[in-house]
Amino acid sequence: MEHTALAELLAGLPFPAFVVGADERIEAANAASLPILGQAAVGRNLALALRAPPLLAAVAAVHAGEAARDVPLRLSDETLFRANVSPLSGPGGMRAFCVLRDMTSEVQSEAIRRDFVANVSHELRTPLTAMIGFIETLRTSARDDANARERFLGIMEREAGRMNRLVRDLLHLSRVESEERMRPRDQVDLAGVLRGAASTVRPGAEEKQSHITIIGADAPVMVTGDADQLTQVFLNLIENAVKYGAPGQEVRVSVTRETVSRGAFLRVDVIDRGEGIDPIHLPRLTERFYRVDAHRSRAEGGTGLGLAIVKHIVNRHRGSLRIDSRKGEGSTFSVLLPEGE
Ligand SMILES: Nc1ncnc2c1ncn2[C@@H]1O[C@H](COP(=O)(O)OP(=O)(O)OP(=O)(O)O)[C@@H](O)[C@H]1O
Ligand SMILES: [Mg+2]
């Protein structure tokens, strides 16, 4: 194949591709491969352009007349490619045609999936182990002890409740994830949603002598959305503000309008004066099962899925979630929802 035709062919490929001549030099390379090989790669010896022993071995094998092969190509700790090396005959002998595929996101999503399964198993196993232990005790040593029986049944009820919540939240999460691309269409009164969520959380807040106040929602505030899902968002945010806030504090929910370059938004701030969150945790807070203090969250009956569900619901509404928090001062979770669409 003539050199310019080869370059044109490579340019048409939507992934990094290059050809290594029989003399080990890079004969042609497309633009996508230059960040990997270096800008002045063409004409250079492959071994000097890239330190990748498996790829070099595959190229040598193909030059020696062997069949095509597929080898891993690790460029850094985070980036993994696979290189397909196949023979391409040429005037100076056998050339090696190398095509790269970026496997990074596949490897990452596989790791996320594995973590997720490990997390779910762990979260389910803890209450399950406790229940199995108590059943055993009820059958044996506590058999004739009415007081112990009552107490153990109480604990078992709590552990079963925890498992039930976990399964419920997992189902919610998977439903929200699968619907994420379908935009909600209903007209929803956000003020009503906020009042409903606040009144559900209020009994728990009163136990801590905390007050929930809503500002800016006296008149209806209409938004395009899914009422149940929006209720879930604010239930979790208000519940978190109460749970992780200081006893006797005020949790403030305020509705304002905000216009940014992307358009007009309704903005709901859920503000607490609790312990706040160290900034190092903020980027990961909406990950499934991520908790700042797992022990404490579990003790409160939390699953660590609340903010992950919030994030997906807000995305489905084409909105955004902002978290602003200062350690020792409190946190503000803001939900922005597009207005008037
Ligand atoms: N207002 C807040 N102040 C301080 N920390 C918070 C606040 N909201 C959330 N967090 C932290 O973020 C973590 C994740 O919150 P998320 O709502 O996802 O889970 P959870 O409340 O632990 O459990 P769940 O919501 O499933 O009952 C919490 O465990 C807590 O450490
Ligand atoms: Mg929560």
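Look up a bit, the structure's there.
Described in the following lines is the structure provided in the data block. (Residues numbered from 1 in each chain as written. Chains lettered and ligands numbered in written order. Predicted model: local features only at pLDDT ≥ 70, side-chain atom pairs only at ≥ 80, totals over all residues. Heavy atoms only, no water.)

**Description of the sheet that holds strand S2 (residues 26-29)**
(1) Moving on: A sheet is described by the order of its strands in space; here 5 strands give the open sequence S2-S1-S5-S4-S3, paired in antiparallel fashion. What marks the edges here is a single partner per strand, and that holds for S2 and strand S3 (69-74). Between one strand and the next, the sheet's axes are offset by a mean angle of 25 degrees, whatever the strand orientation.
(2) Moving on: As paired strands, strand S4 (residues 80-90) and strand S5 (residues 93-102) are joined by 10 bridges and run antiparallel to one another. If you follow Pro-87 over to S5, its bridge partner there is Ala-96.
(3) Moving on: Against the sheet, helix H1 (residues 3-11) makes contact with strand S1 (17-20), S2, S4 and S5, and its axis sits at roughly 45 degrees relative to S2, the strand it touches most. (Pairing = 2+ DSSP bridges. Helix = DSSP H or I, 4+ residues; strand = E, 2+ residues; numbered from the N terminus. Axes fitted to C-alpha atoms, helices over the stretch in contact; angles between N-to-C directions. Contact = heavy atoms within 4.5 Å.)

**Re the site of ligand 1**
(1) Moving on: Around ligand 1, 22 residues are found, and the nearest of them are Asn-240, Asp-272, Ser-297, Thr-303 and Leu-307.
(2) Moving on: Contacts to ligand 1 include Asn-236, whose side-chain N or O atom sits 2.9 Å from an oxygen atom.
(3) Moving on: Between an oxygen atom of ligand 1 and a main-chain N or O atom of Val-292, the distance comes to 3.1 Å.
(4) Moving on: Protein chains bury 96% of the 600 Å² of accessible surface belonging to ligand 1 in isolation.
(5) Moving on: Breaking the shell around ligand 1 down by element, the ones donating at least two residues are helix H8 (227-243), helix H10 (306-316) and strand S12 (330-338).
(6) Moving on: Considering each element in turn, the shell around ligand 1 owes the most residues, 4 residues, to H8.
(7) Moving on: By residue class, the composition of the shell around ligand 1 is 9 nonpolar, 8 polar and 5 charged. (Near = heavy atom within 4 Å. Polar contact = N/O pair within 3.5 Å; in protein donor to acceptor, adjacent residues only side chain to side chain. Areas by Shrake-Rupley, 256 points an atom, 1.4 Å probe, with all protein chains shown as cover. Nonpolar A, V, L, I, M, F, W, Y, C, P; charged D, E, K, R; others polar.)

**Points about the packing of aromatic side chains**
(1) Moving on: Per the counting criterion, the structure on display carries 2 aromatic pairs.
(2) Moving on: Relative to Phe-152, the ring of Phe-134 has its centre 4.9 Å away and its plane inclined at 35 degrees; by these criteria the two rings are tilted. With Phe-134 in helix H5 (residues 104-139) and Phe-152 in helix H6 (residues 146-179), the pair connects residues that are 18 residues apart, well separated along the chain. By the burial criterion, Phe-134 is buried, and Phe-152 matches it.
(3) Moving on: Positioned above the aromatic ring of Phe-116, the side-chain terminus of Arg-288 is 4.1 Å from the ring centre. (Phe/Tyr/Trp six-rings, centres within 6.5 Å; stacked < 30°, edge-to-face > 60°. Buried < 20%, exposed > 50% of the residue type's maximum accessible area, 1.4 Å probe, protein only. Lys NZ or Arg CZ within 6 Å of the ring centre and 35° of its normal.)

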